[in-house]
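Descriptive analysis of the structure
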Amino acid sequence: MQARLTDLANDPRLIRAAEVIIEQGSCMVSKPVRAGMTTSTVKACERKGLPLLVLAPTRRILKETVVNAAC
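Let us look at the structure shown here. (Residues numbered from 1 in each chain as written. Predicted model: local features only at pLDDT ≥ 70, side-chain atom pairs only at ≥ 80, totals over all residues. Heavy atoms only, no water.)

**Points about the overall build of the protein**
- Looking only at helices and strands, the protein has four helices and zero strands in total.
- The N-to-C order of helical and strand elements in the protein reads α-α-α-α.
- Scored against the burial criterion, the 71 residues of the protein give a buried share of 27%.
- Expressed as a percentage of contacts within the protein between residues at least 6 apart in sequence, the contacts between residues at least 24 apart total 57%. (Helix = DSSP H or I, 4+ residues; strand = E, 2+ residues; numbered from the N terminus. Buried < 20%, exposed > 50% of the residue type's maximum accessible area, 1.4 Å probe, protein only. Contact = heavy atoms within 4.5 Å.)

Given below as structure tokens:
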């Protein structure tokens, strides 16, 4: 059974994994759909006070996923 977005949004393991990735510097990530990476990366950057550029295929993703992750 696939986890819901809300289940992945606050998973400390995913947020820590995102922190490890962003500690390496600028990077590009290719990932499966609904893996929790966008939300985790937003939260990790917010914790570290780092700027983040998110490129998304739709405005809906930016509005719902990215904005909600930052709240």
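Continuing now.
**Some words on the pattern of salt bridges**
- Scanning all chains against the criterion turns up six salt bridges.
- Beyond isolated ion pairs, a larger network of salt bridges with shared partners links R16, E19, E23, R47 and K48. (Salt bridge = Lys/Arg side-chain N within 4 Å of Asp/Glu carboxyl O.)

**Focus: the packing of helix 2 (residues 12-22) against helix 3 (residues 37-48)**
- The interhelical angle for the contact between helix 2 and helix 3, taken along N-to-C directions, is 65 degrees, at an axis separation of 8 Å. As judged from the angle between their axes, helix 2 and helix 3 are roughly perpendicular. Crossing hand, helix 2 versus helix 3: right-handed. For the pair formed by helix 2 and helix 3, the contact residues are L14, I15, A18, E19, I21 and I22 on the first element and M37, S40, T41, K43, A44, C45, R47 and K48 on the second. (Axes fitted to C-alpha atoms, helices over the stretch in contact; angles between N-to-C directions. Parallel < 35°, antiparallel > 145°, perpendicular 65-115°, else oblique. Left-handed = near helix turned anticlockwise from the far one by under 90°.)

**Concerning the environment of K43**
- Relative to the elements of secondary structure, K43 occurs in helix 3.
- Taking the C-alpha atoms as reference points, K43 and A18, separated by 25 residues in sequence, lie 8.6 Å from one another.

**Description of the state of the cysteines**
- This structure, assessed with the given rule, holds zero disulfides.
- Not engaged in a disulfide, the cysteine C27 finds its nearest cysteine sulfur in C45; these two sulfurs lie 8.7 Å apart.
- Its relative accessible area of 4% is what places C45 among the buried residues. (Disulfide = S-S within 2.5 Å.)

**Section: helix 2**
- Listed as buried for helix 2 are I15, A18, E19 and I22. Seen end-on, helix 2 carries its buried residues on one side only, within an arc spanning 105 degrees. (Arc of directions from axis to C-beta.)

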